[in-house]
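Coordinates in review
Here is how the chains run, residue by residue.
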Amino acid sequence: MENLLLLHGALSAASTMEPLAHALQKQFQVHTLDFTGHGGRTLPQEPFSMQLFVQDILQLLEEKEISSTHIFGYSMGGYAALCLAQQHPQRVKSIFTLATKFAWSPETAAKETKLLNPEKIEEKVPAFAQALALRHHPVHWKQVMHKTAEMMLHLGEQPALTSDVLPQIQVPIHVAVGDQDNMVSVEETLWAYRQLPKAQLQVLPATRHPLETVSVDKLNQEIRQFISQATVLI
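Not measured: the values here are computed from a predicted model.

Our focus in this paragraph is the packing of helix α4 (residues 106-114) against helix α7 (residues 141-157). For any two helices packed against each other, one specifies the crossing angle of their axes together with the interaxial distance. Two numbers describe how α4 lies on α7: the axes approach to 7 Å, and their chain directions differ by 165°. Classed by the angle they form, the pair α4 and α7 counts as roughly antiparallel. Pair α4 / α7 crosses with right-handed handedness. Across from Pro-106, Ala-109, Ala-110, Glu-112 and Thr-113 in α4, the residues of α7 making contact are Ala-149, Met-152, Leu-153, Gly-156 and Glu-157.

Following this line, the structure appears as structure tokens:
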């Protein structure tokens, strides 16, 4: 079976990919990973960065002796997957991104990080704070959030995926976004799609940003169809 790596988003962990992994395991050899500092992995001394997460992916591929793989990347996971494909194209067969933010600037980074206020989250959405605590234990979720905010501010100053970089990515890519996503616009997704030489675009109706609001059955179907098409093109 073809290898398929599922990459989680910011503040998330491999555990959030379990329903999708279960749905896909009949068709693919499915792999997941916790990015450094996520899902209970030790926080690094260095800042969170795309380069750090690319190294996480490469390490997993080496450990599992996978020469190349298809990738599904949700949100930040999609951004990391595209960075990997640009730097190590031989390791990537295709990429399916969902709800990946491409429009990074100082202004958008400031807007995003304003939402990453641990004290306000604890006060206003305690259930989410509790979920984060369980997801990242024994690492404190507030530390994960602070490091994520730092990474976003850095991306705002120096985006990794620019109009110079995206055209270099030559693998088949499916770029998907929800029409009701309040974090990622259809416009920025369309911009990225137009920069990528071998991309297809999908706007999911009545779909918001959180992964858990997207139908697992729908995603399973879309991913299988895309990889089937991409395998023919490779």
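Let us look at α7. The first and last C-alpha atoms of α7 sit 25 Å apart over 17 residues, in line with the 24 Å expected at 1.5 Å per residue. Three or more residues of α7 are buried, namely Trp-141, Lys-142, Val-144, Met-145, Lys-147, Thr-148, Ala-149, Met-151, Met-152, Leu-155 and Gly-156. Contacts made by the buried residues of α7 are with α2 (50-63), α3 (76-87), α4, α5 (118-124) and α6 (126-136).

Moving on, we get to the pattern of salt bridges. Scanning the entire structure with this criterion turns up seven salt bridges. The residue Glu-2 makes a salt bridge to Lys-93 at a minimum N-O spacing of 2.9 Å. Taken together, the positions of Glu-2 in strand β1 (residues 2-7) and Lys-93 in strand β4 (residues 92-98) put the pair 91 residues apart, joining distant regions of the chain. A residue is classified by how much of its surface remains accessible, and Glu-2, at 26% relative accessible area, is partly exposed. Residue classification places Lys-93 among the partly exposed residues on the basis of a relative accessible area of 25%. Taken together, the salt bridges that share partners define one network made up of Glu-119, Glu-122 and Lys-142.

Pairing between strand β5 (residues 173-178) and strand β6 (residues 199-204): six bridges, direction parallel. Among the inter-strand pairings, His-174 is bridged to a residue of β6, identified as Gln-200. You can see the chain leave β5, run along helix α8 (residues 186-195) and come back into β6, and the turn it takes is right-handed.

Time to look at the sheet that holds β6. Pairing is parallel in the open sheet, where six strands are placed in the order β2-β1-β3-β4-β5-β6. Where the open sheet ends on each side, the last strands, each with one partner, are β2 (28-32) and β6. Strand-to-strand twist of the sheet, defined as the mean angle between neighbouring strand axes without regard to direction, takes the value 20°. Here five bridges tie β1 to β2, and the two strands are oriented parallel to one another. Bridging across to β2, Asn-3 finds its partner in Gln-29. Lying over the sheet, α2 contacts β1, β2 and β3 (69-74), oriented at roughly 150° with respect to β1. On the sheet, α8 packs against β5 and β6 and is oriented at approximately 165° with respect to β6.

A cis amide bond links His-137 to the next residue, Pro-138, at an omega of 10°. Among the secondary structure elements, Pro-138 is positioned in the loop between α6 and α7. The phi angle at Leu-11 is positive, at roughly 65°, despite the residue not being glycine. Looking at the secondary structure, you find Leu-11 in the loop between β1 and α1 (18-24). Phi is positive for Ala-206, close to 50°, though the residue is something other than glycine. Along the chain, Ala-206 turns up in the loop between β6 and α9 (216-233).

Right, let's talk about the nonpolar core for a bit. One finds Met-50, Phe-53, Ile-57, Ile-95, Leu-161 and Ile-169 to be the most contacted residues of the largest nonpolar core, which totals 51 residues. Within the residue set of this core, elements represented by two or more residues are β1, α2, α3, β4, α6, α7 and β5. With 21 residues, the next largest nonpolar core counts Met-17, Leu-20, Leu-211 and Ala-230 among its residues.

The next thing to look at is the environment of Pro-44. Residue placement: Pro-44 occurs in the loop between β2 and α2. Each C-alpha atom, one on Pro-44 and one on Leu-153, is 18 Å from the other, the two residues being 109 residues apart in sequence. In this structure, Pro-44 is in contact with Thr-36, Gly-37, Leu-52 and Lys-147, ignoring residues within four places of it in sequence.

Cut-offs applied
Residues numbered from 1 in each chain as written. Predicted model: local features only at pLDDT ≥ 70, side-chain atom pairs only at ≥ 80, totals over all residues. Heavy atoms only, no water. Axes fitted to C-alpha atoms, helices over the stretch in contact; angles between N-to-C directions. Helix = DSSP H or I, 4+ residues; strand = E, 2+ residues; numbered from the N terminus. Parallel < 35°, antiparallel > 145°, perpendicular 65-115°, else oblique. Left-handed = near helix turned anticlockwise from the far one by under 90°. Contact = heavy atoms within 4.5 Å. Expected span 1.5 Å × (residues − 1). Buried < 20%, exposed > 50% of the residue type's maximum accessible area, 1.4 Å probe, protein only. Salt bridge = Lys/Arg side-chain N within 4 Å of Asp/Glu carboxyl O. Pairing = 2+ DSSP bridges. Right-handed = clockwise from strand over helix to strand, strands pointing away. Core = buried A, V, L, I, M, F, W, Y, C linked by side-chain atoms within 4.5 Å.

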